[in-house]
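Here is what each chain is made of, one letter per residue.
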Amino acid sequence: QVQLVESGGGLVQAGGSLRLSCAASGRIFSINNMGWYRQAPGKQRELVAVITSGGSTNYADSVKGRFTISRDNVKNTVYLQMNSLKPEDTAVYYCNAYIDPGSRLYAAYWGQGTQVTVSS
């Protein structure tokens, strides 16, 4: 019954900004790490950013200084603020989270993906 629902994708010009949101809902006992991945056509899915339950963050080198990941533990939501967007950021973005639905075992859950397109 756990699901992750993403929003905030769209079309933006190079240099612009977007903010992605991903809200977890359903039967949730606890949430550990949360993160964002992206996949461009013909390429492997890659990690963009991750945030731990304690708030520590890591970023792919390609987005450091431009993207910021954050979370709201009250709303069970993870965000990705994307600034200074480049055409090479164009991809489908997926959120993921490690969630314990009450089994006392964490499992990975994925959002449905949201398209981000950056035009030149």
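These numbers come from a predicted model, not from an experiment.

Asker: Looking at this structure, I do not really get the pattern of salt bridges. What am I missing?
Answerer: Pairs can form between side chains of opposite charge whenever their charged atoms are close. As enumerated under the stated definition, the model contains four salt bridges in all. For Asp-89, the salt bridge goes to Arg-38, with nearest N and O atoms at 3.0 Å. Of this pair, Asp-89 sits in the loop between β8 (77–82) and β9 (91–100) while Arg-38 sits in strand β4 (residues 30–39); the two residues are 51 residues apart in sequence, bridging distant segments of the chain. Assigned by exposure class, Asp-89 and Arg-38 land together as buried. Where Asp-61 meets Lys-64, a salt bridge forms, and the shortest distance between an N and an O atom there is 3.2 Å. Through salt bridges with shared partners, one network takes in Arg-38, Glu-46, Arg-66 and Asp-89.

Asker: Would you take a moment to explain the sheet that holds strand β1 (residues 3–7) for this structure?
Answerer: Strands sit in the order β1-β3-β8-β7 across an open sheet of four strands; the sheet is antiparallel. The open sheet has two free edges, formed respectively by β1 and β7 (67–72), since each of these has just one partner strand. Strand after strand, the sheet turns through a mean of 15° between neighbouring axes, direction not considered. One ladder, built from six bridges, connects strand β3 (residues 18–25) with β8; its direction is antiparallel. In the sheet register, Leu-20 faces β8, and the bridge partner there is Leu-80.

Asker: Could you clarify how one ought to interpret the state of the cysteines in this entry?
Answerer: What is meant by a disulfide is a covalent connection between two cysteines, made through their sulfur atoms. Scanning the model with the defined rule gives one disulfide in all. Here Cys-22 engages in a disulfide with Cys-95; their sulfurs sit 1.9 Å apart. With the S-S dihedral at roughly 45°, the linkage between Cys-22 and Cys-95 falls on the right-handed side. Residue Cys-22 is located in strand β3, and its partner Cys-95 is located in strand β9; the two are separated by 73 residues in the primary sequence.

Scoring rules and cut-offs
- Residues numbered from 1 in each chain as written.
- Predicted model: local features only at pLDDT ≥ 70, side-chain atom pairs only at ≥ 80, totals over all residues.
- Heavy atoms only, no water.
- Salt bridge = Lys/Arg side-chain N within 4 Å of Asp/Glu carboxyl O.
- Helix = DSSP H or I, 4+ residues; strand = E, 2+ residues; numbered from the N terminus.
- Buried < 20%, exposed > 50% of the residue type's maximum accessible area, 1.4 Å probe, protein only.
- Pairing = 2+ DSSP bridges.
- Axes fitted to C-alpha atoms, helices over the stretch in contact; angles between N-to-C directions.
- Disulfide = S-S within 2.5 Å.

So, to be careful, I would describe these as geometric facts and stop short of saying anything about function.
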